[in-house]
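Structure at a glance
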Amino acid sequence: MHVKVHETRSQAHQSEEKKVTRKQKAEGKSQDSSSPKKAKTEEGTDPEDGKSMADIRAEFEKFCKTITDHLSVKQMREILEANGQYSAGDDDAVVLRCEDIMFFGPLDNCPICGSKLECAGDSYHCIGDYSEWSSCIYSTREPPRRDESLKLPKSVESTPISDLIKKRGDPKKSRPRRELSAPRKPFDGMMISLAGRLTRTHQYWKSEIEKQGGKVNNSVTGVACLVVSPAERDRGGSSKVAEAVEKGVPVVREAWLSDSIKKEKAQPLDAYDIVSDIAVEGKGIPLDKMDPSAEALETIRSELEVFGKRGVHKDTKMQDEGARILEKDGFCIMQLIMSPENHLHMYYRKGKIGDSLRADDKLEERENVDDAIKEFTRLFEELTGNEFESWEREKKIQKKHHKFFPIDIDDGLEVRHGALGLRQLGAAAAHSKLDPHIANFMKVLCSQEIYRYALMELGHDSPEIPIGMLTDLHLRRCEETILQFVEKVKTMKETGQAAEGVWYEFSQKWFTLLPSTRPFTFRDYADLAEHAASAYETVRDINVASRIIEDMSGSTLDDPLFERYKKLGCTVSPLEKESDDYKMIVNYLEKTYEPVRVGDMSYGASVENIFAIELSACPSIDEIKKLPNKVLLWYKEFKSFEALAERLFALSLFTSRVGIHDAAAEAARYGFTAIDRPEGFLLLAVASLGKEIREFPTPPEDTRDLEEKKIGVKGLGRKKTDEKEHFVWKDDIKVPCGKLIPSEHKDSVLEYNEYAVYDPQQVSIRYLVAVKFDEQGVVYDAAEPEQ
């Protein structure tokens, strides 16, 4: 049993009760009145009582001084408690909160979740929980306040200023509106240095930095960071970089400036560090702080720390000794490790996902098995708030506030560890009895690399979590979570921050169930489709691949590729390049393809090989022949090899439809892998669109009738294939092969035509097209001959 957790918010504030000193009086004033960096505000009058804002600020400052002269922090906490306000936290925060409610009136509860609000400098935010899965995100500059008198505890009633407080807290008298200071700018109070040739001029960045509250210094002395071009890493660093490294000044990429401005918050410097490769030893940047390109390099070369449910954690250093996870009474205890000499060890590791260097881990030798099991169950109950026995026997668990939720890991080895490594691939293919083309295909299918890349691109690649060995129960939880949320959004009446809270809660829940090194807040259906549904499908398919590929790392089989091929449940046969089918498919690809764009680069596609495939999970071509309106179309949902292990196609998560296209350009968007991995695979399927086909210029909102009647749907895109070039292939199968031209539907949300079939038995996957994506418009210099 491997438990991984995601904690939604920090807990517990501790403070000491003490009298406010003279120094604290000066420092304890509100940020509105005492901060020398307070942004200037437009002078005006309070509509409530006609006083100017300057008069109100002066009066508030005087009131605060009187309060801190006569009241202790303990008394201020009591005032907050007596008026139902948030009273935890450090002393300075308590002083600010108490001054706020005594002068401007007690705060009302959060309008979203009903919890308490807290004054936090430039805004008021909720300190409560939206649900057991997430905290509340409500924030405002004009909070709701109670129209009631301020209540005073007995300890304050006897003070000389009780009358002043009562008078100030009388709701019958006009209470002024509080004017908060403007939100901080990204670079407020920061000194930044620039060096080298950047994409924008130094003068441009100097102007932008000053607009965002910062200053630019030519020297690296006393600056927050040095901004340079990423090329400095390749050059080994200039003298200015060397000076910064020597003085311990962070050296960051130019993107730190633009990202901080875009996100209106200074981004973590570690995430943009470029000197780790220059230094003798790297800085150990957590995965969640790395930019995606750096994370890719780190996770691709890193080893999986836990291979599966019974995999001994790599950091214990005991796996090479033949140690195993202790099993007793038919269930597996997480990381109770028994060495070959029957020495029992308990391994405990706790930390943030993606930040393994700062994780809290312990390896303790235990003498008594029963005591070790009791300690494990105690830790489980402490972390999750649930009894371990009910979880282990029936998988029953309830998410508790501020508690962890277990990820249920299955038996076996995850494919990132069990599949073939780069050194094994060539030997396995060379000695296989399979056709060389099929052996090469199986070599890729059984490679660790594709699964590492797939998870890395999704941000689900933490070496700490064998995400490719989840149980079916946990995968169902993930699927149900998306489906339930989609239904909730369809009927959601909340707007504004209340709606944001709904999306935020789902985001927290999702990344708890499927942990990521790059969690974020979902905003719309596009995010759901790309980062939740698509991620779920990929993780699910990788789990299937893990079970089929199993452990090939130390395989003693003569032909491991052939053994895995037999498990696929399908036949794969290479087409002859001179055959009519091969030529037809190449023509279909070339006519309906448009370059894939990645940033400023464009990528064309050339056919390397074409395989005819027959899957046991799909209807045969003979069965499809009997159906009407048969069309050869590009399959949209296939994104990588993982799904081939089970059925090569996956039904859409939100409906039971199968999405297919007449343009290879759309399929290529899914088949394209990455710039440094030019090989990709596209699928062709023969689909029967049914007796009735309906065309829609916009996607239908309600598809229930279409699903029930199995009606074929054609979504009309902004581009279509030229019908003059369409033809009929064998067995009366239509091939919409024609160059892409503008359609009459210029306002469509679809770029290309999309077809939907609501019965998977009307679709038969027929061809797997191996393509190579080539960078276009690049001219390579010819090497000069040696003299």
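If you're wondering where the values come from, they're calculated on a predicted model, not measured in any experiment. (Residues numbered from 1 in each chain as written. Predicted model: local features only at pLDDT ≥ 70, side-chain atom pairs only at ≥ 80, totals over all residues. Heavy atoms only, no water.)

**Quick notes on the overall build of the chain**
Helix and strand content of the chain: 26 helices and 25 strands. Counting across all 787 residues of the chain, residues that qualify as buried make up 50%. When contacts within the chain are restricted to residue pairs at least 6 apart in sequence, long-range pairs at least 24 apart make up 70% of them. (Helix = DSSP H or I, 4+ residues; strand = E, 2+ residues; numbered from the N terminus. Buried < 20%, exposed > 50% of the residue type's maximum accessible area, 1.4 Å probe, protein only. Contact = heavy atoms within 4.5 Å.)

**So, the packing of helix 19 (residues 472–490) against helix 20 (residues 496–513)**
The packing of two helices is summarised by the inter-axis angle and the distance between the axes. Helix 20 packs onto helix 19 with a crossing angle of 170° between their chain directions and a minimal axis gap of 10 Å. With respect to helix 20, the element helix 19 is oriented roughly antiparallel. Of the residues in helix 20, those in contact with His474, Arg477, Cys478, Thr481, Ile482, Phe485, Lys488 and Val489 of helix 19 are Val502, Trp503, Glu505, Phe506, Lys509, Trp510 and Leu513. Along the lines of polarity and charge, the residues of the contact of helix 19 with helix 20 split into 9 nonpolar, 2 polar and 4 charged. (Axes fitted to C-alpha atoms, helices over the stretch in contact; angles between N-to-C directions. Parallel < 35°, antiparallel > 145°, perpendicular 65-115°, else oblique. Nonpolar A, V, L, I, M, F, W, Y, C, P; charged D, E, K, R; others polar.)

**Regarding the sheet that holds strand 4 (residues 191–194)**
Strand order in the open sheet made by the 4 strands is 5-4-6-7, with parallel pairing throughout. The open sheet terminates on both sides in strands that have one partner only, identified here as strand 5 (215–216) and strand 7 (251–253). The sheet strands contacting helix 8 (residues 202–211) are strand 4 and strand 5, and the helix crosses strand 4 at an angle near 170°. (Pairing = 2+ DSSP bridges.)

**Here's the deal with a negative patch on the surface**
A cluster of acidic residues, Glu449, Glu608, Glu679 and Asp774, forms a negative patch at the surface. With respect to the helices and strands, the residue Glu449 is situated in helix 18 (residues 448–458). (Patch = residues over 30% accessible without salt bridge, like charges linked within 9 Å, V, L, I, M, F, W, Y side chains within 5 Å. Areas by Shrake-Rupley, 256 points an atom, 1.4 Å probe, with all protein chains shown as cover. Salt bridge = Lys/Arg side-chain N within 4 Å of Asp/Glu carboxyl O. Lys, Arg positive; Asp, Glu negative; His and termini not counted. Charge placed at Lys NZ, Arg CZ, Asp CG, Glu CD.)

**What to know about the packing of aromatic side chains**
Two descriptors summarise a pair of aromatic rings, namely the distance from one centre to the other and the angle between the planes of the rings. On inspection of all chains with the given rule, the structure shows 21 aromatic pairs. Relative to Phe405, the ring of Trp133 has its centre 5.3 Å away and its plane inclined at 50°; by these criteria the two rings are tilted. In this pair, Trp133 sits in the loop between strand 2 (124–126) and strand 3 (139–140) while Phe405 sits in the loop between helix 14 (388–394) and helix 15 (415–418), placing the two residues 272 residues apart along the sequence. We classify Trp133 as buried; its relative accessible area is 7%. On the accessibility criterion, Phe405 (4% relative accessible area) is buried. For the ring pair Phe511 and Phe520, a centre distance of 5.7 Å and an interplane angle of 55° mean the geometry is tilted. The class for Phe511 is buried, based on a relative accessible area of 4%. Here the aromatic cluster, defined as three or more aromatic residues joined through ring pairs, consists of Phe485, Trp503, Phe506, Trp510, Phe511, Phe520 and Phe522. Taking NZ or CZ as reference, Arg200 lies 3.9 Å from the ring centre of Tyr204, over its face. Sitting above the plane of the Trp133 ring, Lys399 keeps its charged end 5.6 Å from the centroid. (Phe/Tyr/Trp six-rings, centres within 6.5 Å; stacked < 30°, edge-to-face > 60°. Lys NZ or Arg CZ within 6 Å of the ring centre and 35° of its normal.)

**Structural notes on the environment of Asp361**
Examined against the element boundaries, Asp361 turns out to sit in strand 11 (residues 360–366). Leave out the neighbours within four places in its chain, and Asp361 touches Tyr347, Tyr348 and Arg349.

**Quick notes on the environment of Ser219**
Looking at where Ser219 falls in the secondary structure, it is placed in the loop between strand 5 and strand 6 (225–228). Note on Ser219: relative accessible area 30%, which makes it partly exposed. Put simply, Ser219 and Ser193 are 26 residues apart on the chain and 6.5 Å apart in space, counted from C-alpha to C-alpha.

**Some thoughts on helix 8**
All of the buried residues in helix 8 are Trp205, Glu208 and Ile209. Around the axis of helix 8, the buried residues are gathered within 100° of arc, so they sit on the same side. Positioned one or two residues after helix 8, Gly213 has a phi angle of 95°, which is positive. (Arc of directions from axis to C-beta.)

**A look at the nonpolar core**
Of all hydrophobic cores here, the largest spans 115 residues; its most connected members are Met442, Trp510, Ile610, Leu632, Trp634 and Val769. Considering every element that reaches this core, the biggest residue donor is strand 25 (residues 763–775), with 8 residues. Setting aside anything within four residues of it in sequence, one finds Ile610 in contact with Ser573, Pro574, Leu575, Tyr582, Ile585, Val586, Tyr767, Leu768 and Val769. Of all hydrophobic cores here, the second largest spans 32 residues; its members include Met102, Tyr124, Leu152 and Ile161. (Core = buried A, V, L, I, M, F, W, Y, C linked by side-chain atoms within 4.5 Å.)

**Description of the pattern of salt bridges**
Inspection of the entire model under this criterion finds 33 salt bridges. A salt bridge links Glu157 to Lys166, with the nearest nitrogen and oxygen atoms 3.0 Å apart. For Lys566, the salt bridge goes to Glu563, with nearest N and O atoms at 3.5 Å. Here Glu563 and Lys566 lie together in helix 22 (residues 560–567), a separation of 3 residues that amounts to about one turn. Of the residues examined, Glu563 reaches a relative accessible area of 28% and is grouped as partly exposed.

**Focus on the confidence of the model for the chain**
Residue-level pLDDT values for the chain average 78, and 77% of them are 70 or greater. pLDDT under 50 marks residues 1–43. Its contacts with residues more than four places away, or in other chains, come to 103 contacts. Every residue in residues 325–330 is under pLDDT 50, and counting partners more than four places away or in other chains gives 21 contacts. (pLDDT = per-residue confidence, 0-100.)

**Some thoughts on the sheet that holds strand 2**
Taken in spatial order, the 3 strands make up an open sheet running 1-2-3, and their pairing is antiparallel. Edge strands, defined here as strands with exactly one partner in the open sheet, are strand 1 (117–119) and strand 3. The pairing of strand 1 with strand 2 spans 3 bridges and is classified as antiparallel. Looking at the pairing, Glu118 lines up with His125 of strand 2.

**Let's talk about the packing of helix 20 against helix 21 (residues 525–549)**
Where helix 20 meets helix 21, the closest approach of the two axes is 13 Å, and the angle between their N-to-C directions is 15°. Relative to helix 21, the element helix 20 is oriented roughly parallel. Relative to helix 21, the crossing made by helix 20 is left-handed. Within the contact between the two elements, helix 20 uses Trp503, Phe506 and Trp510 and helix 21 uses Tyr525, Leu528, His531, Ala532 and Tyr536. Counted by class, the contact of helix 20 with helix 21 contains 7 nonpolar, 1 polar and no charged residues. (Left-handed = near helix turned anticlockwise from the far one by under 90°.)

**Details of the state of the cysteines**
A complete count under the given rule lists 0 disulfides for this structure. Between Cys136, a cysteine without a disulfide, and Cys113, which holds the nearest cysteine sulfur, the sulfur-to-sulfur distance is 3.8 Å. With a relative accessible area of 7%, Cys136 lands in the buried category. (Disulfide = S-S within 2.5 Å.)

**A word on the environment of Pro697**
Note on placement: Pro697 falls in the loop between strand 18 (693–696) and helix 26 (704–709). Residue Pro697 is classed as partly exposed on the basis of its relative accessible area, which comes to 45%. For the pair Pro697 and Asn753, spaced 56 residues apart in sequence, the C-alpha separation works out to 9.6 Å. What Pro697 contacts, discounting residues up to four positions off in sequence, is Leu716, His745 and Ser748.

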